[in-house]
Structure formats: structure tokens, C-alpha cells
Amino acid sequence: AEELACLVTLSPAASLAMTVPSMLLGSSGILVSMCCLGTMTWGEQNTELEAHAQLDYYVFQSGIENPFIDTAELYPVPPVARTVGATEVIIGNWLEKNPTARSKIFLASKVAGRSDRGFIVANRDIPKGEEKDTRLSREQILKACDASLKRLKTDYLDLYQLHWPERNTPIFGGLAFQRKNDRSDDIDFEESVAALGELIKAGKIKHWGISNENAVGVVKFLAAAKKLGVAPPVSIQNDFAMVDRRFEQDGTAEACSPGSSGVEGGVSLLAYGALAGGTLSGKYLDKSDVSKSRHVLFPEFQSRYHSEGTQQAAADYVALAKQYGITPSQLALGWAASREYMGSVIIGATTMEQLKENIAAFEKPLPQECLEEVDKLNLKHERPYFRGSSRLGRQPSAKQEAAAAAEKELR
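Residues numbered from 1 in each chain as written. Predicted model: local features only at pLDDT ≥ 70, side-chain atom pairs only at ≥ 80, totals over all residues. Heavy atoms only, no water.

### Some details on unusual backbone geometry
In this chain, Tyr 75 is followed by Pro 76 through a cis amide linkage whose omega measures 10 degrees. Cis rather than trans, the peptide bond between Val 77 and Pro 78 has omega equal to -5 degrees. Inspection of the secondary structure assignment puts Pro 78 in the loop between strand E4 (68-70) and helix H3 (86-97). Despite not being glycine, Asn 66 shows a phi value in the positive range, around 60 degrees. Within the secondary structure, Asn 66 is located in the loop between helix H2 (48-61) and E4. Residue class for Asn 66 comes out partly exposed when judged on its relative accessible area of 28%. Even without glycine at this site, Asn 212 takes up a positive phi of about 55 degrees. Mapped onto the elements, Asn 212 comes out in the loop between strand E7 (205-211) and helix H7 (215-228). (Helix = DSSP H or I, 4+ residues; strand = E, 2+ residues; numbered from the N terminus. Buried < 20%, exposed > 50% of the residue type's maximum accessible area, 1.4 Å probe, protein only.)

Right under this line is the structure:
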């Protein structure tokens, strides 16, 4: 069974042409491409026309087997009331234009975890409803799923993920757990899992997963699923890159393993941020035109990806890529794909050129010597995200607070 979990499928022409491998996703028994198409820029940095072009290429023209598309109810990013849900609408319009595509793709979305972004809840109704905090309650999970299905113009999701935790825990680059932030009114793990079980029984979702989680969350969700008789989570979508290897260092990879989880196939990692928001592509180092890039347009969003430490590490990784005759993006994505627990690596592109380069990164494994060089650089640049950063943990900067106030006034 463990060997099957690492199964790589090759096309009949594999001996003549390289192809992107597919992997079994956790205990699902389903093969998904190692290269997952991310969508969070669609509706903000990318137009609907550009998004549809990416979908056409990825699904129909790239030669990828078992195409996997990931989205979320709050996309695009940065999340604001003006655009919330637009990405799912864009995908739904494409599916409507391509009715045969739905059975060809593995489609995933996410329900928002606990937050004060009331506009996400309001967007689940037509016309928009009342704003209130997002929670992982039964009521909100069921309603959020129905709203996503409507926007996506489909009657089921292959994978439905809890986007971030309900409880107090360091996420999105948070540095440390603090007991003082614990709350007494958190939704219980069992309530969330039971709701997902209802959606599975109703045929609205096939599988479920967690996201932005750690070993504690993995163990708690597995226990709740076992107690309730609900199928276990098949995946965990976490921030993971050469410059952020917490997943394999803090016990989370161990908790997700078949041996520790007690689940055949374990809980597969879906890695986002493998390019550190584009920083590991080297484009911020070689004087490329980055005027339309995320860190220029939205400098306070995911600022950890563009810290002084991350940029210093990127320079060394760019140099390593040159030694092996590959692009920096191919190094970063190829390294992520080499991990034994990887189910799929989520790519995000704002241009067709980026999309094609990213897909090509999965067609040929990196040599062992290259992987060992990455490990050496990791010791030199251990946890670089916050080195030289003006923003530590989840404390909002003055600019973020001002932007949030402005956005609230607009709503």
C-alpha cells in the first residue's frame, strides 16, 4: 500500500517524451497530477479571459494527465469584498463553456476558517446577506459549500478543504503559539468533521482535507473522523518551500505519515508557496519587469515571501539552478515535487510563459546531488522569512491596518 501511495504514472509515450507524474492522493484512491493549477490571482491580477486561456492550456493542451485545479471561496487575493468569490465564478463560466471538462478534472475548493472577514459570509447569499465572522460551524460549512457549487456551476467537488483553523494557532507565517489568544467558544473538531460527513453522504463532495494546519490539527481531525465514522482527510494544504520547510521539521509530516496517522496512504501534502510568491523565480533579482507582480502590487500581502532573508536565500538558489542548467523556478518546484509525502505542488502563474515554465519543472526529476546542495543551503538560510522583515508573526503593520479600515468603509 505504501508503495502504491508513491505511484508515478507515465503516458504510453513516456519512453519518447517526458510527462508530469501523477500521485495517489492520501487514502482517496484517486490519482492527481503532481502539478496542480492554482487560481488565486484570477479576478484580480488576471482577467477572466486570461484565466480561461490558462485553463485551456493546462487541461487540454499541456498533456497533463489527471489535471487538478485548486480554488477557494475567498479568492482572489488579497481578499476584499469587491472581488470575493470572483475566482470560482470564473472557473464556473469556463466549465459551462466546456461541459466535457468537469469529468476530466479533479476540482478542489475551500471554506474559510475563523476570521472577522464578514464579507465572505455575506457573499454566500444572493443578494448578499448579513456580514458576520466566518466560522467552521456545521451551518457555515454546509452553506459555504452550496454557494461554492453555485459559483462553480457544478453539483460536486472532488475535494473540499478547511482553509485555515478555527482555533488559536500560529498560521500564515505566525511565529509562536500564545496561550493568551485561546478562546472558549471555538467550534469543536467533531462538529466540523460531521458537517463534512454530511456533504459526502449528500454527494456534494467526494473527499475532504485540511489546510494551514500542524501536527496538533492533523491528530485532532483524524481522531474526530475515526470517532464519527467519517472518511479521514486525504490532504493537507500548507505553505511549503525551500525557504520554509516547517512541515517536515515540526512533526506535521510525521503526523501525516501512514504509520502515525493509521491511514493507508497517509495524508498527502498539497504545497502552496513553493516559489515564495515568485521570489524564488529570481525575477526580483535580475531586474525583470516586476511592476505587475504580487509583491509590488500588494507589498503587505504575504510579505514573508519578500523579506530580506528570503531574497538573500533566493540569490543562492538562483546560483544553484544555473549550475545545473535549469531555471530557478524549475529548481524550486522540482525540489518540492521530490518530497516523499508530496501529493501535488500548486503552481500559480499570471502569464502563459510562467505557466509553461512551471509545468515543465515537473517533467524531469532533479538529480540527487542537486537535492543535497539544496539541503546545504537550507542550513545556511534556516527560516529566512522574518529576517529583515518589518512584520513579525501575524501582527498587522500600520499599512495593513489603514488598508483594512479603508476597505471596511468601502463595504
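Structure's up, so let's keep going.
### Topic: the pairing of strand E3 (residues 35-38)
Along E3, one buried face is formed by Cys 35 and Leu 37 and the opposite face, lined by Cys 36 and Gly 38, is buried too. In terms of strand pairing, E3 meets E4 through 3 bridges, oriented parallel. Pairing of Cys 36 across the sheet is with Phe 68, part of E4. At this point the chain moves from E3, through H2, to the parallel E4, and the crossover so formed is right-handed. (Pairing = 2+ DSSP bridges. Right-handed = clockwise from strand over helix to strand, strands pointing away.)

### A word on the packing of H2 against helix H14 (residues 352-360)
Two numbers describe how H2 lies on H14: the axes approach to 10 Å, and their chain directions differ by 25 degrees. Here H14 runs roughly parallel to H2, going by the angle between their axes. For the pair H2 and H14, the sense of crossing is right-handed. Contacts from Ala 53, Gln 54, Tyr 57 and Tyr 58 in H2 reach Met 352, Leu 355, Lys 356 and Ile 359 in H14. (Axes fitted to C-alpha atoms, helices over the stretch in contact; angles between N-to-C directions. Parallel < 35°, antiparallel > 145°, perpendicular 65-115°, else oblique. Left-handed = near helix turned anticlockwise from the far one by under 90°. Contact = heavy atoms within 4.5 Å.)

### Digging into the packing of helix H6 (residues 189-201) against H7
A pair of packed helices is captured by two measures, namely the crossing angle of their axes and the spacing between those axes. Closest axis-to-axis distance for the H6/H7 pair is 9 Å, and the angle between their directions is 60 degrees. When the axes of H6 and H7 are compared, the pair comes out oblique. Of the two possible hands of crossing, H6 and H7 adopt the one that is right-handed. Across from Phe 189, Glu 190, Val 193 and Ala 194 in H6, the residues of H7 making contact are Gly 217, Lys 220, Phe 221, Ala 224, Ala 225, Lys 227 and Leu 228. Grouping the constituent residues of the contact of H6 with H7 by class yields 7 nonpolar, 1 polar and 3 charged. (Nonpolar A, V, L, I, M, F, W, Y, C, P; charged D, E, K, R; others polar.)

### Description of the nonpolar core
By size, the foremost hydrophobic cluster in this structure holds 99 residues, and its most contacted members are Tyr 160 and Leu 280. Per element, the largest residue contribution to this core is 6 residues, and it comes from helix H5 (residues 138-152). One finds Met 40, Tyr 75, Val 77 and Ile 120 within the second-largest nonpolar core, a separate group that totals 11 residues. (Core = buried A, V, L, I, M, F, W, Y, C linked by side-chain atoms within 4.5 Å.)

### Things to note about the sheet that holds strand E10 (residues 342-347)
Strands in a sheet are paired, the pairing made by backbone hydrogen bonds, and the direction either parallel or antiparallel. The parallel closed barrel is built from 8 strands, whose spatial order is E3-E4-E5-E6-E7-E8-E9-E10. Strand-to-strand, the axes of this sheet are offset by a mean angle of 30 degrees, without reference to chain direction. Both E4 and strand E5 (residues 106-111) contribute to a ladder of 3 bridges, which runs parallel. Of the residues in E5, the one forming a bridge with Phe 68 is Phe 106. H2 contacts E3 and E4 of the sheet and is inclined by roughly 165 degrees relative to E3. Most of the contacts of H5 go to strand E6 (residues 157-162), to which it runs at about 135 degrees, and overall it touches E5, E6 and E7.

### Regarding the side chain of Asp 70
Relative to the helices and strands, Asp 70 is located in strand E4. In terms of polar contacts, Asp 70 uses its side chain to reach the side chain of Gln 161, at 3.0 Å. Residue contacts for Asp 70: discarding those within four places in its chain leaves Cys 36, Leu 37, Gly 38, Thr 39, Tyr 75, Ala 108, Lys 110, Gln 161, Gln 237 and Ile 346. (Polar contact = N/O pair within 3.5 Å; in protein donor to acceptor, adjacent residues only side chain to side chain.)

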